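Tertiary structure, described
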Amino acid sequence: MKNATDAAHRSLDSMIGDFDGVESYQRYLQGMARFRLPVDAWLAARPMPQELDDWRPAIYDDALRADLDDLGLRHPDSLSSFAPPEGDGLIGLLYVLEGSTLGARILAKRAEKLGYRDDCGARHLFSQARNLSNWSAFSERMERVCAYDQQAAVSWANATFEYARQAFESSLDAACPNGRSDQL
């Protein structure tokens, strides 16, 4: 799945950028809220495949809201609902979300350099970065889910990256209505 989603993943990473300052981190946080809040709400209302046993995806909506509050940022007003493509591709969505744990480790270090911590401003990143065991548990179980449609999973994964890209882009547009919006 990694090869089939590589271009979408790189495109999103490029849009997020390095957030090397407070303003770029704030735009990142708003983009992440626009992405994860609807996805987390959608996931909370869905059953997981039986093959995943007791495993559940990590939900970071409370931490994201607390981070927005810490920075005095408004919660996104209008969030577009997450609507995945047709087919049985939930594994693809989970692959993207749980795989983001690896990137969160790097992003948490960048946030920390800006003065944000696990108890103020970067809760969601530090929670994710510490949750590597959930990614490992998902990876192991994913191997056991033999009934999933690989093509649908790739479609859902790429759709998830695209939904995230649109969420970050809308945060850029809101932050820079008349200016540069090529990078957070």
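Just so it is clear, the structure is predicted and the values come from calculations on it, not from any experiment.

Take the layout of surface pockets next. Of the pockets and cavities examined, the largest pocket occupies roughly 700 Å³. Taken together, 31 residues line the largest pocket, and the ones lying closest to its centre are H9, D13, G99, S100 and G103. At the level of elements, α1 (2–16), α2 (22–44), α4 (90–113), α5 (123–129) and α7 (150–175) are the ones that each hand at least two residues to the lining of the largest pocket. It is α4 that provides the largest number of residues to the lining of the largest pocket, a total of 11 residues. Residues belonging to the lining of the largest pocket are distributed by class as follows: 17 nonpolar, eight polar and six charged.

Turning our eyes to something else, we now look at the nonpolar core. M1, Y25, Y28, L43, L93 and L125 are the most contacted members of the largest nonpolar core, which has 54 residues in total. Counting residues per element, this core draws most heavily on α4, which supplies 11 residues. Apart from the residues within four sequence positions on either side, M1 is in contact with I91, G92, Y95, M142, Y148, Q150, A153, V154 and A157.

Our focus in this paragraph is unusual backbone geometry. Its identity as a non-glycine residue notwithstanding, F19 has a phi of 30°, on the positive side. As for its placement among the helices and strands, F19 is situated in the loop between α1 and α2. If you check the backbone angles, D53 has positive phi at about 55° while not being a glycine. Here D53 shows up in the loop between α2 and α3 (61–70). Taking the relative accessible area as the measure of exposure, D53 reaches 41% and is therefore partly exposed.

Moving on, we get to the packing of aromatic side chains. Throughout the structure, instances matching the rule amount to 12 aromatic pairs. Centroid distance F19 to Y25: 5.1 Å. Interplanar angle 70°. Geometry classified as edge-to-face. By the burial criterion, F19 is buried, and Y25 matches it. These aromatic residues form a ring-pair network of at least three members: F19, Y25, Y28, Y116 and F168.

In contact at an axis separation of 9 Å, α2 and α3 are set at 150° when each is read in the N-to-C sense. In this view, α2 runs roughly antiparallel relative to α3, as classed from their interaxial angle. By crossing handedness, the relation of α2 to α3 is classed as left-handed. Of the residues in α3, those in contact with L29, Q30, M32, A33, R36, L37 and D40 of α2 are D61, L64, R65, D67 and L68. Its residues assigned to classes, the contact of α2 with α3 shows six nonpolar, one polar and five charged.

To continue, consider α1. The largest bend in α1 is about 30°, located at A8. For α1, the full list of buried residues reads T5, L12, M15 and I16. Just downstream of α1 lies G17, where phi reads positive at about 70°.

With that settled, consider the packing of α2 against α4. The relative placement of two packed helices comes down to the angle between their axes together with the axis-to-axis distance. Two elements in contact, α2 and α4, have axes whose closest approach is 13 Å; the angle formed by their N-to-C orientations is 150°. Between α2 and α4, the angle falls in the class roughly antiparallel. By crossing handedness, the relation of α2 to α4 is classed as left-handed. Seen from α2, the contacting residues are Y25, Y28, F35, R36, V39, W42 and L43; seen from α4, they are L90, L93, L94, L97, S100, L107 and A111. Here the contact of α2 with α4 is composed, by residue class, of 12 nonpolar, one polar and one charged.

Conventions we followed
Residues numbered from 1 in each chain as written. Predicted model: local features only at pLDDT ≥ 70, side-chain atom pairs only at ≥ 80, totals over all residues. Heavy atoms only, no water. 1 Å grid on protein atoms, 1.4 Å probe; cavity = no way out; pocket = protein on both sides within 12 Å on 5 of 7 lines; lining within 4 Å. Points joined across faces, edges and corners; volume = space filled by probe spheres on them. Helix = DSSP H or I, 4+ residues; strand = E, 2+ residues; numbered from the N terminus. Nonpolar A, V, L, I, M, F, W, Y, C, P; charged D, E, K, R; others polar. Core = buried A, V, L, I, M, F, W, Y, C linked by side-chain atoms within 4.5 Å. Buried < 20%, exposed > 50% of the residue type's maximum accessible area, 1.4 Å probe, protein only. Contact = heavy atoms within 4.5 Å. Phe/Tyr/Trp six-rings, centres within 6.5 Å; stacked < 30°, edge-to-face > 60°. Axes fitted to C-alpha atoms, helices over the stretch in contact; angles between N-to-C directions. Parallel < 35°, antiparallel > 145°, perpendicular 65-115°, else oblique. Left-handed = near helix turned anticlockwise from the far one by under 90°. Bend = angle between axes of the 7 residues up to and from the residue.

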